[in-house]
Amino acid sequence: MHMIGYFEGIDSERGIAWRCADSFSLRDFLRLSNRDKVPDHSWLSRTRSRLPHEAHEKVFGWVLKLVAERGLVKGERIGVDGSTMEANAALRTIVRRDNGESYREMLTRMAKESGIDTPGAEDLARFDRKRKGKTLSNADWKSPTDPEAKIARMKDGTTHLAYKPEHAVDLDTGVVVAAPIHPADEGDTTTLSPTLEVAARNLGEVGLAPSEDEPCVVAADKGYHAREPLKALESGVWKTRIAEPEPAKGYLRWHGDDAARKAVYANRARLKSGIGRETMRRRGELVERSFAHVLDRGGMRRAWLRGRENIHKRYMIHVAGFNLGVLMRALHGQGTPREAAETAIAFVFLVQTDAALAFGLIALVDGEFAALVLIAAAPTSS
């Protein structure tokens with residue numbers, strides 16, 4: 001049912017349950033007879049809570065093996081990037097970590113201290129706009145309903161409580177080999193190493209783990225560029241092609257750190273090569289495409305669950321559905337069941353006789369046949 005949610009683009013589990021109950025074809029897919037009741041959304045929640053995180057990892061790994069058996073996992077070039085997912089918690093409900101005071105209670109207290117005896121909603125809003133030193137730090141504030149959600153700036157520029165999904169994508173095929181979810185306040189340089197560890201483990205399950213003899217290229221944008229991560233990856237099984245930020249004025253100061261200097265210059269040389277430029281183009285195309293399918297079209301841009309592990313369980317099933325779409329597109333030319341159903345199949349025939357010429361077209365559109373026949377009679381002789 002969660003894979004149906006991905007392929008149908010349904011975000012909430014209530015919507016998934018309603019869609020499965022409404023469609024006879026989806027009931028057949030779920031192996032339910034006409035008299036069987038479709039499990040409701042509470043059943044989905046209970047089952048997910050009872051199944052451990054390792055069970056969902058097994059499902060993701062099983063789908064990855066299916067894709068790898070068709071040669072759609074190369075394990076030679078991996079692109080990494082992160083995005084944001086809005087949490088199921090409102091920013092206006094945050095409370096202070098030290099004393100549990102809500103944001104509105106804090107504004108009311110500060111307004112009274114400034115001389116406003118009975119501040120109303122408009123007074124608080126006006127006071128909040130004008131006060132100086134206004135910040136929302138994760139070190140000071142938390143959500144009482146989802147403590148693991150962090151205050152972060154979304155891709156559209158707004159500020160919400162959020163999580164940070166990160167994809168490691170095979171740049172030769174577009175298959176997602178790892179999709180962990182990190183706290184939204186962690187930077188790219190912090191989450192790169194854990195994501196690569198998950199990717200190496202998943203590639204090892206399909207016999208394509210990177211090694212020092214056969215290292216794997218990792219491509220990322222300039223947000224992942226830092227001396228310490230580059231130095232840590234330089235002597236391992238990953239060869240970095242990470243975009244370099246605009247150089248600062250003056251010379252780089254290494255302060256005797258020759259290992260960092262060697263790693264930065266080696267990454268720069270690999271990045272400027274022809275293969276490096278082509279790899280970065282592939283990264284921008286395939287990694288962003290995976291986010292568009294899973295988060296935007298797949299309905300996971302906003303989470304309706306709470307807790308990072310709980311969300312990650314469903315997220316892995318959605319990413320497994322994305323990998324199945326890559327497999328279906330390679331086998332049949334369509335990446336989703338809906339796309340396959342909407343594909344028109346047409347047959348063209350031509351019949352010519354001495355008396356007439358007949359041209360016919362028979363098409364299958366939306367499960368129904370349509371026919372068009374044109375007959376041209378030969379002119380009679382005088």
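Source: prediction; values computed, not measured.

Colleague: An account of a negative patch on the surface is needed here, citing residue identities and associated values.
Modeller: Side chains of Glu-54, Glu-57, Glu-148 and Glu-309 sit close together on the surface and give a patch of like negative charge. Here Glu-148 lies in the loop between strand 4 (141–142) and strand 5 (150–153). Overall, the relative accessible area of 39% leaves Glu-148 in the partly exposed class.

Colleague: For helix 5 (residues 53–69), give the residues involved together with the corresponding values.
Modeller: A rise of 1.5 Å per residue sets the reference length of helix 5, with its 17 residues, at 24 Å; its end C-alpha atoms lie 25 Å apart and thus fit the reference within 8%. Of all the positions in helix 5, only His-53, His-56, Phe-60, Val-63, Leu-64, Val-67 and Ala-68 are classed as buried. Seen from one end, helix 5 has its buried residues packed into an arc of 145°, which puts them on one side. Every exposed residue of helix 5 that faces more than 90 degrees away from the buried side is listed here: Lys-58, Trp-62 and Glu-69. On its buried face, helix 5 is in contact with helix 1 (2–8), helix 4 (41–50), strand 7 (176–178), helix 8 (188–205) and helix 12 (308–332).

Colleague: Can you break down the layout of surface pockets residue by residue, with the values?
Modeller: As a volume, the largest pocket reaches approximately 820 Å³. Forming the walls of the largest pocket are 29 residues, and the residues nearest its centre are Met-1, His-2, Met-3, Phe-29 and Ile-317. Tallying contributions element by element places helix 5 first for the lining of the largest pocket, with six residues. Of the residues belonging to the lining of the largest pocket, the class tally is 19 nonpolar, seven polar and three charged. In this structure, the second largest pocket encloses a volume near 400 Å³. If you go around the second largest pocket, you meet 17 residues; those closest to its centre are Glu-57, Lys-58, Gly-61, Arg-201 and Asn-202. For the lining of the second largest pocket, the secondary structure elements donating two or more residues are helix 5, helix 8 and helix 12. The dominant element in the lining of the second largest pocket, judged by the number of residues it contributes, is helix 5, at eight residues.

Colleague: Hey, could you go over the packing of helix 10 (residues 258–272) against helix 11 (residues 274–297) for me, with residue numbers and the actual values?
Modeller: Across the interface, helix 10 lies against helix 11 with an axial gap of 4 Å and an inter-helix angle of 80°. Overall, the two elements helix 10 and helix 11 adopt an arrangement that is roughly perpendicular. In this structure, helix 10 uses Arg-270, Leu-271 and Lys-272 to contact helix 11, whose residues at the interface are Gly-274, Gly-276, Arg-277 and Met-280.

Colleague: Can you explain the pattern of salt bridges? Please cite residues and give values.
Modeller: Overall, the coordinates contain 19 salt bridges when judged by the stated rule. Here Arg-109 ties to Glu-101 by a salt bridge, and the two come within 3.0 Å at their closest N and O atoms. Here Glu-101 falls in the buried class, since its relative accessible area comes to 12%. Notably, a salt bridge pairs Arg-109 with Glu-113, separated by 3.6 Å at the nearest N-O pair. Placement of both Arg-109 and Glu-113 in helix 6 (residues 103–113) is noted, with a separation of four residues, approximately one turn of the helix. Using a relative accessible area of 36% as the deciding quantity, one classes Arg-109 as partly exposed. Using a relative accessible area of 59% as the deciding quantity, one classes Glu-113 as exposed. Counted as one network, the salt bridges with shared partners bring together Arg-77, Asp-172 and Glu-278.

Thresholds, definitions, all that
- Residues numbered from 1 in each chain as written.
- Predicted model: local features only at pLDDT ≥ 70, side-chain atom pairs only at ≥ 80, totals over all residues.
- Heavy atoms only, no water.
- Patch = residues over 30% accessible without salt bridge, like charges linked within 9 Å, V, L, I, M, F, W, Y side chains within 5 Å.
- Areas by Shrake-Rupley, 256 points an atom, 1.4 Å probe, with all protein chains shown as cover.
- Salt bridge = Lys/Arg side-chain N within 4 Å of Asp/Glu carboxyl O.
- Lys, Arg positive; Asp, Glu negative; His and termini not counted.
- Charge placed at Lys NZ, Arg CZ, Asp CG, Glu CD.
- Helix = DSSP H or I, 4+ residues; strand = E, 2+ residues; numbered from the N terminus.
- Buried < 20%, exposed > 50% of the residue type's maximum accessible area, 1.4 Å probe, protein only.
- Expected span 1.5 Å × (residues − 1).
- Arc of directions from axis to C-beta.
- Contact = heavy atoms within 4.5 Å.
- 1 Å grid on protein atoms, 1.4 Å probe; cavity = no way out; pocket = protein on both sides within 12 Å on 5 of 7 lines; lining within 4 Å.
- Points joined across faces, edges and corners; volume = space filled by probe spheres on them.
- Nonpolar A, V, L, I, M, F, W, Y, C, P; charged D, E, K, R; others polar.
- Axes fitted to C-alpha atoms, helices over the stretch in contact; angles between N-to-C directions.
- Parallel < 35°, antiparallel > 145°, perpendicular 65-115°, else oblique.

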